[in-house]
Amino acid sequence: MIAEKITVPVLDVEQIRKDFPILHQSVRDKPLIYLDNAATSQKPLAVIDTIDDYYERYNSNIHRGAHHLAQLATEAYENARTIIAEHLNAGEKEINFVRGTTEAVNLVASTYGRKFVHAGDEIIISTMEHHSNIVPWQMLCEEKGAVLKVIPINEAGEIIFEEYLKLLSAKTKIVSIAYISNALGTINPVKEIIQQAHKVGAVVFIDGAQALPHKKVNVKELDCDFLGFSGHKVFAATGIGVLYGKAALLEQMPPYMGGGEMIKTVTFQKTTYNELPYKFEAGTPHIEGGIALGAAINYMNNIGLDKITAYEQQLLDYGTQKLLEIEDLKIIGTAAHKSSVLSFLIKDIHPYDLGVLLNEQGIAIRTGHHCCQPLMDNFGIEGTCRASLAFYNTFEEIDALAKAINKAVTILK
Amino acid sequence: MSKSIAETEDEIVEEFELFDDQMDKYEFIIELGKKLKPLDPKYMTDDFLVKGCQSKVWLHAYKEGDLVYFEADSNSSITKGIIAILIRVLSGQKPTEIIHNPLAFIDRINLRAHLSSQRSNGLTSMIQRIKTYAGAFV
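Residues numbered from 1 in each chain as written. Chains lettered and ligands numbered in written order. Predicted model: local features only at pLDDT ≥ 70, side-chain atom pairs only at ≥ 80, totals over all residues.

Caption draft 1: Here's a closer look at the overall build of chain B. Across its full length, chain B holds seven helices and two strands. Along the chain direction, N to C, the helices and strands of chain B fall in the order α-α-β-β-α-α-α-α-α. A burial count over chain B gives 36% of its 138 residues as buried. Here the contacts in chain B between residues at least 6 apart in sequence split such that 66% fall between residues at least 24 apart. (Helix = DSSP H or I, 4+ residues; strand = E, 2+ residues; numbered from the N terminus. Buried ≥ 20, exposed ≤ 12 C-beta atoms within 10 Å, placed from the backbone. Contact = placed C-beta atoms within 7 Å.)

Here it is, written out as C-alpha cells:
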C-alpha cells in the first residue's frame, strides 16, 4: 500500500518553522530532522527573545525589591503565573512553579503523601508510568509501609479499566497516572480515572508532561487534584515547570523546602509560612524560566491548541501508515487514542543501531527504555526506537524518516 | 609473533581512510562485528556484561602464557563491531601494554566523535573493562 498525504495540513508549517531557529541547520551534511520532541521540544523565537529581553532589560530578584527593575521582574513573573492559570482554567494560587514534572510528583509525594498516607494504605499507578511517576511513590510506600498497586495494560498499550476498578478501595489514597504515555503515546481516559478514584475518596495526580505540548488541558473539567508538567516539553526552557493543585489541598499540605520566599515571619523559635502559592516556592525561583513559560503558552495559544492537536493527528496517521510499509517493522503502542508518538522495533535490529544510523542521516530519534523500564518488561523488550512529533514537523520529514530507516536496515541486515 | 598494538592501530587507521562517508564506515564496523569469533554462550551471562552500554555486551578474558586474550559478543551490530576492533588491537598482548596503551587510533579514525551523539554507547566502559581484566592478569 502506498501512503498518500492524507489531506491538506491544517497548519501553515512552513511559517511556523521560521519561528524555530534551531531547526534550520544541517547534521552530518543533511538537513536536521528533529523527532525527539517527547524528550524535549525546541524553542520558538518568542521564548528565546523573552529570555534575552529579561537579561538585557530587567533582570532582578522578585517580590521584595523596592526598585524599578524588581517591579518589572515581579510583574512579568506573576503575569506568567496568570497566563498559566488561565490556560489550565485554574486559580493563580493553585499554580506553583517547580523545576519540572519530576519535582511536582516529588513535592506531592513528600508533602501530601507524608501527611495523609499511612501504613496499609494504597497508591495506584499504571504499568506505563515514567520512572518519575513510579520512584517517588515507591519511596513514600517504603517509608510509610503503604502498598503500590499497578494497573495492567493490554497489548495495544491501553489501561485495562476493569482492572483499575478492581484495584480501587477505601485503602486507596492516591492515584497517579500519566495523561499521555511518553513511550507509547497512549492517551489515558484520565477523566474517568479521576471520577472513579474520587468515589473511594482518593486524590489524583495527573502527569501532564506529555499532554500539555499536544492538547488543551482543563483542570476544572478533569477535576484532577494535582497536575504536573515541564516547561521544556512545551517549547519553554529547562528547569521550570508547574504543579497545579486544588487550593483546598495545597492549604493542608506542609511546605516542601524551607528557605526564602516561602516564609511569613522567621524567628529562631518559630517560622510561619507564606500563603499560596509562595509556600511551595522556597528560594529565588527560575525567574526568566517562569516568564518564558508564559510566553511559550501564549505562543501555542496563538497557533491554537485545537489546530495543533488536529495537525499532529494528521502527522501521526501518516507516519503510522508510512512506517508500517517497512518490512518487519512493528509499532509498540497501538492505542485507539494516541498522541504523536511512534515507538517501533524492527525484527533482529537493535534500537541503538538504528538510532546511530538515523543520526548519520541527520535524523534525531530516541532509543532505549524511555525511562519506562517496567513498561518495557511488560512488553518483553529492552527498549524501542521512538520518533515523537511536534507541530513543526512535516509530512516530508516523515517520508525522509521512512527512507532513512530503509537505508539503515539495508546496512544492518 | 603477533603484531604490536601500534602496528594493528596503523592498519585499522589505513582501512578506515578508505571511507569518506560515515554510513560506509558504519557498514565496515558492522562487517567487522560479523567476523568476530563467536563467544561461548556460557559467557553470555550478567557476570560478563559490560555496564554502561545501551546494548548488551558480554566480554570474557583469559591468559595464555604472558598474553591476555579477549572474546566478546553484543546484541547490537554496531557495538559488536566496535568491540571487535578493540579486540583486534588488544587481544593477544601483554597485560601491562594493554593497561598503558592510550588507544590513540580511536581518535585517528574519529570514532569517539561520532559515537558521542548517543549516550551510553559504552565505548569508554568497554575499554575500562578490558583494562580491568588486563590488570587482573598482571
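Caption draft 2: Spatial organisation of the sheet that holds strand β8 (residues 203–207) of chain A. Residues and elements named next belong to chain A. Sheet architecture is open: seven strands sit in the order β4-β10-β9-β8-β7-β5-β6, paired in mixed fashion. At either margin of the open sheet sits one strand with a lone partner, and together these are β4 (95–98) and β6 (147–151). The mean inter-strand angle of the sheet, taken between neighbouring strand axes irrespective of direction, is 20°. Pairing of β4 with strand β10 (residues 241–245), which is carried by four bridges, proceeds in the antiparallel orientation. What sits directly across from V98, in β10, is G241. (Pairing = 2+ DSSP bridges. Axes fitted to C-alpha atoms, helices over the stretch in contact; angles between N-to-C directions.)

Caption draft 3: Expanded view of the sheet that holds strand β13 (residues 329–331) of chain A. Residues and elements named next belong to chain A. Here we have four strands laid out as an open sheet, ordered β13-β14-β17-β16, and antiparallel in their pairing. What marks the edges here is a single partner per strand, and that holds for β13 and β16 (366–368). Neighbour-to-neighbour, the strand axes of the sheet open up by a mean angle of 30°, direction not taken into account. Bridge count for β16 against strand β17 (residues 384–388) is three bridges, and the pairing is antiparallel. The residue bridging G368 from the neighbouring strand is T384, located in β17. Contacts from helix α12 (residues 351–359) reach β14 (341–346), β16 and β17, with the element oriented near 160° to β16.

Caption draft 4: A look at the nonpolar core. Residues V204(A), I206(A), A236(A), Y244(A), A296(A) and L86(B) are the most contacted members of the largest nonpolar core, which totals 159 residues. Structurally, this core is a two-domain feature, drawing no fewer than three residues from each of domain 1 (13–31 + 304–412) and domain 2 (48–302) of chain A. (Core = buried A, V, L, I, M, F, W, Y, C linked by C-beta atoms within 7 Å. Domains from an automatic or database assignment.)

Caption draft 5: Up close: the pairing of strand β5 (residues 122–126) of chain A. Residue and element names in this part refer to chain A. Taking burial as the measure, the five residues of β5 include five buried ones, the bulk of the element. The side-chain alternation of β5 yields two buried faces, one formed by E122, I124 and S126 and the other by I123 and I125. Of the pairings in the sheet, the one linking β5 to β6 comprises five bridges and is parallel in character. Of the residues in β6, the one forming a bridge with I123 is L148. This β-α-β element, β5 to helix α5 (residues 135–144) to β6, shows right-handed connectivity. Here β5 runs beside strand β7 (residues 172–178); their pairing, made up of three bridges, is parallel. Across the sheet, residue I123 finds its bridge partner in β7, namely I174. (Right-handed = clockwise from strand over helix to strand, strands pointing away.)

Caption draft 6: Region of interest: the interface of chain B and chain A. Across the boundary between the two partners, chain B contributes 13 residues, which contact 13 residues of chain A. If you list the elements that add at least two residues to the side of chain B that touches chain A, you get α2 (22–34) and α3 (77–90) of chain B. At five residues, the largest contribution of residues to the side of chain B that touches chain A is made by α2(B). Of the residues assigned to the side of chain B that touches chain A, the class counts are four nonpolar, eight polar and one charged. (Nonpolar A, V, L, I, M, F, W, Y, C, P; charged D, E, K, R; others polar.)

Caption draft 7: Spotlight on the environment of E9(B). All names here are of chain B. Its place among the elements puts E9 in helix α1 (residues 5–17). For E9, a count of 21 C-beta atoms within 10 Å translates into the label buried. Counting along the chain gives 76 residues from E9 to I85, while the straight-line C-alpha distance between them is 9.4 Å. E9 has contacts with V89, A104 and F105, leaving out every residue within four places of it along the chain.

Caption draft 8: Looking closely at the packing of helix α11 (residues 305–324) of chain A against helix α14 (residues 395–412) of chain A. Residues and elements named next belong to chain A. Here α11 crosses α14 at 20°, and the two axes come no closer than 10 Å. When the axes of α11 and α14 are compared, the pair comes out roughly parallel. Crossing of α11 over α14 shows right-handed handedness. Residue-level contacts link L315, Y318, G319, K322 and L323 of α11 to F395, I398, D399 and A402 of α14. For the contact of α11 with α14, the residue count by class is six nonpolar, one polar and two charged. (Parallel < 35°, antiparallel > 145°, perpendicular 65-115°, else oblique. Left-handed = near helix turned anticlockwise from the far one by under 90°.)

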